Amino acid sequence: MTMNRLNNTIRKTSMQVLALCLLTFTSCSSFLDEEPTNASNASESIATTADAQVAINGIMSLMSSSSYYGRNFLLYGDAKGGDMTIYANGRGNDALYTFNHTPTSGSYSGFWSRGYYCIMQANNLLENIDRLQADGSTAFNYYKGEALSLRALFYFDLVRLYGQPYNYNKSALGVPLVLNTLAADAQPHRATVEAVYKQIISDLTEGQQLMASDKSVHNGYLDYYGNVALQARVKLYMEDYAGALAAAREVIESGKYTLYTPQQWVASWARQYGSESIFELGIDTEADLGTTSLGFYYMRYNQKRNAMGWYLASDYFLNRLGEDTTDVRWGVMDNDEYWVETGNERRGACYKYLGGLSMEGDGKESYTAVNIKIIRLSEVYLIAAEAALHTGDPAAAAKYLNAIRCRAPKLAPATAATVSDDMILDERSKELYGEGQRFFDMIRMNKTIEYNDDFQNVPVTHRSKTIDRTYGGIVLPISQDEINANPSLEDEQNDYYK
């Protein structure tokens, strides 16, 4: 295992990945409509640790799809959270902002199919490892730990898309728990949100134990500390504040990662695998989405040919960031007022995924092939701040918050007397803008989301200007194609879409 094994192997093994996936897995159009993956050739496809590495690389590659971390999943978390707005309907993915979803139109079924395809690959790898280690050997332990950690991440993402928040209604339906390869006629039912979270914690706990023998940094992979950081995030959503704080502290105190100074923060977006990156998804030129990439979606209107200014910062976010005009995070926002086609002046394009305002990318030949930072150390500090506050240690909460708040040097530091949930939430907004967190934060913290609809040239009709977590549309519908493939889901459709 090496620190840069993704960089060193993913290009060399791209054809191996393709061959292995074609050998082992069928079409990913609907996971419930798959051929069984436990055929004899599949069971023989993983025989060595090198094969396990190829399988992990294949999973990482699938995660970079536009239907998942390559674009839509992060876009979902920000477009719905109130910190972004759109100018016009019909430009692309505006249904995320307008909540225009039905089982047959705008269902974003790619989240479901891609998520379960990744789960299927993880399950296949886990079953093959169990077969190979039936004699009690431990050679594959680390890869098993990775696969379990990844499966936990996939389920965490899916249950947040299709299930009610854990701290709101954990008895509501979540998503089907599929923990092994399926027979062709399998029709699994949806598990409860609570059951899905229980499985997530189980996978993460076992994964952490299996990877504990190697706590080095593995760039581009969900390694030991990536697992622990994910535990901190999941436990925060569960309001297990003591558990979240313990996990966050383990990461912070490991010494493996270092916060950027305010002077370093802007330039960090033009670097791969910097000192804050705990889990960063490598995007190579083969996975580059180009003019459909996340970076292009957030670029300002007409800066490059075909750049439509799809998503911009809302007035609410700009006002929040504008509390300190010297906040270093302005350095990845287009600060110059520019003309939208109506003649309106509008700021707020984000350049995190273009390597910064210079649009030089992060060192690859394509400026849009920028790695996706899934978990950063700054988020872990903010988790620690929130968890410390809720475990009765406001002084520690202020300390963790100020480690990030110093990026806005004109704002008064938090103190044990002034630190609050709202202050931490605002800091999460500023720090994690464009990283797919805002909507989930607002919903889990029972906040009302207000949308900057007055910037629209066409009124929004599929939701009101404000929503909260009582609104049924905070979850996606199960697509009709999935229901057709698995009729047991018909009566388990989310109520808002029945």
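Procedures and definitions
- Residues numbered from 1 in each chain as written.
- Predicted model: local features only at pLDDT ≥ 70, side-chain atom pairs only at ≥ 80, totals over all residues.
- Heavy atoms only, no water.
- Helix = DSSP H or I, 4+ residues; strand = E, 2+ residues; numbered from the N terminus.
- Buried < 20%, exposed > 50% of the residue type's maximum accessible area, 1.4 Å probe, protein only.
- Contact = heavy atoms within 4.5 Å.
- Areas by Shrake-Rupley, 256 points an atom, 1.4 Å probe, with all protein chains shown as cover.
- Core = buried A, V, L, I, M, F, W, Y, C linked by side-chain atoms within 4.5 Å.
- Expected span 1.5 Å × (residues − 1).
- Lys, Arg positive; Asp, Glu negative; His and termini not counted.
- Salt bridge = Lys/Arg side-chain N within 4 Å of Asp/Glu carboxyl O.
- Axes fitted to C-alpha atoms, helices over the stretch in contact; angles between N-to-C directions.
- Parallel < 35°, antiparallel > 145°, perpendicular 65-115°, else oblique.
- Left-handed = near helix turned anticlockwise from the far one by under 90°.
- Nonpolar A, V, L, I, M, F, W, Y, C, P; charged D, E, K, R; others polar.
- Phe/Tyr/Trp six-rings, centres within 6.5 Å; stacked < 30°, edge-to-face > 60°.
- Lys NZ or Arg CZ within 6 Å of the ring centre and 35° of its normal.
- Polar contact = N/O pair within 3.5 Å; in protein donor to acceptor, adjacent residues only side chain to side chain.
- pLDDT = per-residue confidence, 0-100.
- Pairing = 2+ DSSP bridges.

Along the backbone of the chain there are 20 helices and eight strands. Counting over 498 residues, the chain shows a buried share of 62%. Partitioning the intrachain contacts of the chain with sequence separation of at least 6 by distance along the chain shows that 70% fall at a separation of at least 24. Surface exposure of the chain reaches about 17,900 Å², of which carbon and sulfur atoms provide 48%.

Our focus in this paragraph is the nonpolar core. Counting 152 residues, the largest nonpolar core has Met63 and Tyr311 as the members making the most contacts within it. Ranked by residues supplied to this core, first place goes to helix α8 (residues 141–162) with 14 residues. Residues in contact with Met63, not counting those within four places in the same chain, are Tyr68, Tyr69, Gly70, Cys118, Leu150, Leu153, Phe154, Phe279, Leu281 and Ile374. The next biggest cluster of nonpolar side chains, apart from the first, holds five residues, and it includes Tyr260, Trp265, Trp269 and Val332.

Here we come to helix α10 (residues 193–211). Here α10 contains 19 residues, and its C-alpha end-to-end distance of 27 Å stays within 8% of the 27 Å for a straight helix at 1.5 Å per residue. For α10, the full list of buried residues reads Val193, Val196, Tyr197, Gln199, Ile200, Ile201, Asp203, Leu204, Gly207, Gln208, Leu210 and Met211. Contacts from the buried residues of α10 go to α8, α9 (166–169), α11 (224–237) and α12 (241–253).

Further remarks concern the side chain of Glu492. Among the secondary structure elements, Glu492 is positioned in the segment after α20 (480–485). One buried charge, Glu492, has no salt-bridge partner; the nearest side chain with opposite charge is Arg190, at 5.2 Å.

One can describe the packing of α11 onto α12 by two numbers: an axis separation of 8 Å at closest approach and a directional angle of 155°. The orientation of α11 relative to α12 falls into the category roughly antiparallel. In the crossing of α11 with α12, the sense of the turn from one axis to the other is left-handed. Contact residues: α11 offers Tyr224, Tyr225, Val228, Ala229, Gln231, Ala232, Lys235 and Leu236, while α12 offers Tyr241, Gly243, Ala244, Ala247, Ala248, Glu250 and Val251. Its residues assigned to classes, the contact of α11 with α12 comprises eleven nonpolar, two polar and two charged.

Next up on the list: the environment of Lys170. Within the element layout of this structure, Lys170 appears in the loop between α9 and α10. Considered as a pair, Lys170 and Val193 are 23 residues apart in the sequence and their alpha carbons are 4.9 Å apart. If we ignore the near neighbours within four places in the chain, the residues touching Lys170 are Pro165, Thr192, Val193 and Glu194.

Our focus in this paragraph is the packing of aromatic side chains. By the definition in use, this model includes 32 aromatic pairs. Ring geometry for Tyr68 and Tyr69: centres 4.7 Å apart, planes at 40°, overall tilted. Tyr68 sits in the buried class, given a relative accessible area of 4%. Positioned over the ring face of Phe99 is Lys80, at 3.6 Å from the centre of the ring.

Mapped onto the elements, Asn180 comes out in the loop between α9 and α10. Expressed as a C-alpha distance, the spacing of Asn180 and Gln121, which sit 59 residues apart in the sequence, is 9.9 Å. Residues contacting Asn180, with those up to four places away along its chain left out, are Asn123 and Glu127.

Moving on to the packing of α8 against α10. To characterise two packed helices, one gives the angle between the axes of the helices and the distance between these axes. The N-to-C vectors of α8 and α10 enclose an angle of 155°; their axes lie 8 Å apart at closest approach. Accordingly, the angle class assigned to the pair α8 and α10 is roughly antiparallel. Between α8 and α10 lies a crossing whose hand is left-handed. Classifying every residue of the contact of α8 with α10 by side-chain character gives 13 nonpolar, five polar and six charged.

Attention now moves to the side chain of Lys364. Note on placement: Lys364 falls in the loop between β5 (345–346) and β6 (372–376). A residue is classified by how much of its surface remains accessible, and Lys364, at 13% relative accessible area, is buried. Among the polar contacts made by the side chain of Lys364, one reaches the main-chain carbonyl oxygen of Ala369 at a distance of 2.7 Å. At 2.8 Å, the side chain of Lys364 forms a polar contact with the side chain of Asn371. The contact partners of Lys364, leaving out residues within four places of it in the chain, are Gln272, Ile283, Asp284, Ala369, Val370 and Asn371.

Glancing now at the pattern of salt bridges. Evaluated as defined, the whole model comprises 27 salt bridges. For Arg320, the salt bridge is made with Asp426, and the minimal N-O distance between the two is 3.4 Å. With Arg320 in helix α15 (residues 315–321) and Asp426 in helix α18 (residues 421–431), the pair connects residues that are 106 residues apart, well separated along the chain. On the basis of relative accessible area, Asp426 is assigned to the partly exposed category, the value being 26%. Here the salt bridges do not stand alone but share partners, grouping Glu276, Asp327, Arg329, Lys352, Arg376, Arg407, Glu427, Glu431 and Glu435 into one network.

A word on α8. For α8, spanning 22 residues, the distance from its first C-alpha to its last is 32 Å, which sits close to the expected 32 Å at 1.5 Å a residue. Counting buried positions over the 22 residues of α8 gives 21, a clear majority of the element.

Attention now moves to the confidence of the model for the chain. Taken over all residues, the pLDDT of the chain has a mean of 90, while the share at 70 or more is 89%. Taking the mean pLDDT of every element in the chain, the minimum, 40, falls on helix α3 (residues 40–43) and the maximum, 99, on helix α16 (residues 377–390). Overall, residues 6–43 carries pLDDT values under 50, and its contacts beyond four positions in sequence, including any with other chains, amount to 80 contacts.

Side chains on a regular strand alternate between the two faces of the sheet. Of all five residues in strand β2 (residues 277–281), five are buried, a share of seventy percent or more. Note that β2 and β6 share four bridges and pair antiparallel. Among the inter-strand pairings, Leu281 is bridged to a residue of β6, identified as Ile372.

What follows concerns unusual backbone geometry. Phi angles above zero are rare outside glycine, and Tyr273 is one such case at about 55°. Topologically, Tyr273 is positioned in the loop between α13 (262–268) and β2. For Tyr273, a relative accessible area of 12% puts it in the buried group. Here Asn446, not a glycine, exhibits a phi torsion of approximately 60°, which is positive.

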